[in-house]
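Listed below are the residues making up each chain.
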Amino acid sequence: MDTQKLADEVETRRTFAIISHPDAGKTTITEQLLLFGGVVREAGTVKARKTGNFAKSDWMEIEQKRGISVTSSVMQFDYAGKRINILDTPGHEDFSEDTYRTLMAVDSAVMVIDSAKGIEPQTKKLFQICKMRGIPIFTFMNKLDRDGRDPMDLIDQLEEVLGIEAYPMNWPIGMGKTLTGIYDRFNHRVEKYNHADDSTLVELDDDDNPINDSELAEDPQFKETRDSVELLEMAGNDFDQEKIAKGDQTPVFFGSALVNFGVKTFFDAYLKFAPAPGEHKTQEDTVVAPTAEQFSGFVFKIQANMNPNHRDRIAFVRICSGEFEKGMDVNLARTDKKIRLSNVTEFMANTRENVQTAVAGDIIGLYDTGNFQIGDTIFTGKPKINFEKLPQFTPELFVRVAAKNVMKQKSFHKGIQQLVQEGAVQLYTSYSTNDYILGAVGQLQFEVFQFRMQNEYNSEITMEPMGKKTARWIDPDQLDERMSSSRNLLVKDRNGDPLFLFENQFALRWFEDKYPDVKLTAKL
Ligand code: GDP
């Protein structure tokens, strides 16, 4: 592909995640977007994945059992001349680590808020990750077909709770039973809500009066909304594309995903302002442009057994530059090994077709036989590229784990090694006894681990809860094994680096007082 063609291709890519608190409507809105893209034909298809009636891309068994989304996946489709990549993020709080990493692979985020509930804890957490990355965030205030909070309160909440400037792109006319439409500031028109039918568009004249719609012109709710919009014009924030690009201002859209009202309007505007893939920073503090000829990407997720019939592992790679070609040789930055990318998959929602071309912004899935780790960079040519490290989260919950059947150590070890490599749990071994200890951000991760050990590796395990601990790494040169006690257990991490698991903050402070010269760090 020549340089111009590559630049043109990259320009069409829009790669984003939808973030929300569970039940705000992420699945429903994703489904509408897939409908626009012609990926699914009927509403309810994605929904059914939750109830287990539809194996969209072979969702893991546990996901169906629990009715929650455990794993992120990728949905790619074409819409309005753009190639869309939606990276699904699990909403459950116990899976935040996986979610955080997925957010490292997107260029913008859509934040879905239940307009009756406002900002909920999980929304806030996910928002902060996006904010930290400085990516644009677009807000969809969902469930307008139900009575919700006052729109002005919702806007205030964005500014006060999240600390982001809000710019309402449209404003509801009524709400719940009285919903008659939205006043679309951006397109200067009214989109009328016709219940089961498609909405109708009514243009506004220079004085903000509906053209050829006297009924709407006389509607007191419309007049009220027009007053509110006037107030926004005078006292609200100015639309500021630069601020949006930096994540300092969020365009806000009202609508209802369930009745497909305002979703298309939102998506069309979103595609106008959402960024195409940008530059990525390396550990050497250089940047790689998406249109650079050198192919590069990083692994943000590893997942085993997406399809239980093919015992495969897939490393999800976000492409950052160049063009992917099937069968190409790449270098793995961590090991300096050469790897041929011959077995690759693409994540169209319901197929597994082999990728033809993929450029910056696209996600490819590499069948993995143990070569990859989360955070790995792959690249071609020179110079060597090694992208910035993905954030690591220090586990807080710990369990001691062992095989129930001592005769089955082999499958036990294999399972542990593979699942740990996926990054859902961290593995430690105790210094004195060589016991295996698992650390995770939340309890559910242990349950998933146990379930998968049993199901995928036929290894029944016991897990002895150790409760909450505070993990702190110690410089090996400063380590004296006698520093360890029942209140600060000495363990090794996967790399063999020593750390203490402190019983609580009090134990940590006590240690720091006793050994003032010893340097402890929270993360490696
Ligand atoms: P998720 O957990 O964020 O993926 O949320 P879902 O998309 O599964 O939606 C949670 C519930 O809210 C489901 O029962 C949906 O049918 C419902 N829901 C989603 N969007 C809307 C909406 O716009 N209006 C109403 N009334 N219900 C909605």
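Keep in mind that this is a model prediction, so the values were computed, not measured.

**Here's the deal with the nonpolar core**
- If you look at the biggest cluster of nonpolar residues, it comprises 94 residues, and the most contacted ones within it are Ala109, Val110, Met111, Cys130, Val299 and Val317.
- For this core, the leading source of residues is strand β15 (residues 313–321), giving six residues.
- No fewer than three residues from each of domain 1 (13–73 + 88–273) and domain 2 (280–379) sit in this core.
- The contacts of Val317, once residues within four sequence positions are left out, are Gly297, Phe298, Val299, Ile363, Ile364, Leu366 and Ile378.
- The next biggest cluster of nonpolar side chains, apart from the first, holds 31 residues, and it includes Leu419, Ala440, Phe449 and Ala471.

**Some words on the site of the ligand**
- Within the structure, the ligand sits among 16 residues, and Gly25, Lys26, Thr27, Thr28 and Leu258 are positioned closest to it.
- Of all the elements, helix α2 (residues 26–36) adds the most residues to the shell around the ligand, at three residues.
- For the shell around the ligand, a count of residues per class yields four nonpolar, seven polar and five charged.

**Observations regarding the pairing of strand β7 (residues 170–173)**
- What you see with β7 is no split at all: Asn170 and Pro172 on one side and Trp171 and Ile173 on the other are buried throughout.
- Here β7 pairs with strand β8 (residues 181–184) via four bridges, running antiparallel. Across the sheet, residue Trp171 finds its bridge partner in β8, namely Tyr183.

**Structural notes on helix α1 (residues 3–11)**
- Of the positions making up α1, those classed as buried are Leu6, Glu9 and Val10. For α1, the angular spread of buried residues about the axis comes to 95°, placing them on one side. Summarising the geometry of α1, the exposed residues directed more than 90 degrees from the buried face are Gln4 and Lys5.
- Buried residues in α1 make contact with β1 (13–20), β16 (323–324) and β20 (358–359).

**Focus: the packing of α2 against helix α11 (residues 263–273)**
- Here α2 crosses α11 at 75°, and the two axes come no closer than 11 Å. In terms of axis orientation, α2 runs roughly perpendicular to α11. For the pair formed by α2 and α11, the contact residues are Ile29, Gln32, Leu33 and Phe36 on the first element and Val263, Lys264 and Phe267 on the second.

**Focus on the sheet that holds strand β4 (residues 108–114)**
- The seven strands lie next to each other as β2-β3-β1-β4-β5-β11-β6, forming an open sheet whose pairing is mixed. Pairing within the sheet leaves two strands with one partner each, and these edge strands are β2 (74–79) and β6 (165–168). Ignoring which end each strand starts from, the neighbouring axes of this sheet average 30° apart.
- Inspection of the sheet shows β6 paired to strand β11 (residues 249–254) by four bridges, in the parallel sense. For Pro168, the partnering residue across the bridge sits in β11 and is Val252.
- Set on the sheet, α2 makes contact with β1, β2, β3 (82–87), β4 and β5 (137–142); between it and β1 the angle comes to about 155°.

Parameters and conventions
The written sequence of each chain sets the order in which its residues are numbered from 1. Reporting in this predicted model follows two pLDDT cut-offs: at least 70 for local features of residues, and 80 or more for side-chain atom pairs to be given and counted; totals over whole chains, interfaces and linings ignore these cut-offs and use all residues. Here, a nonpolar core means buried Ala, Val, Leu, Ile, Met, Phe, Trp, Tyr and Cys residues linked by C-beta atoms lying within 7 Å of one another. Burial is judged by counting other C-beta atoms within 10 Å of a residue's own C-beta: 20 or more means buried, 12 or fewer means exposed, and anything between counts as partly exposed, with every C-beta placed from the backbone. For helices the rule is a DSSP run of H or I covering at least 4 residues; for strands it is a run of E covering at least 2, with both sets numbered from the N terminus onward. Where each domain begins and ends follows an automated or database-derived domain assignment. Any two residues are considered in contact once their C-beta atoms, placed from the backbone, lie within 7 Å. Throughout this description, a residue near a molecule or strand is one whose C-beta atom, derived from the backbone, lies within 6 Å of it. Here the term charged refers only to Asp, Glu, Lys and Arg, the term nonpolar to Ala, Val, Leu, Ile, Met, Phe, Trp, Tyr, Cys and Pro, and the term polar to all other amino acids, Gly among them. Two strands pair under a simple rule: DSSP has to find at least two bridges between them. This arc describes the spread of directions from the helix axis toward the C-beta atoms. Helix axes use the C-alpha atoms of the stretch in contact, all axes being lines fitted to C-alpha atoms, and the angles between their N-to-C directions lie in the range 0 to 180 degrees. Here the word oblique covers every angle except those under 35 degrees (roughly parallel), over 145 (roughly antiparallel) and from 65 to 115 (roughly perpendicular).

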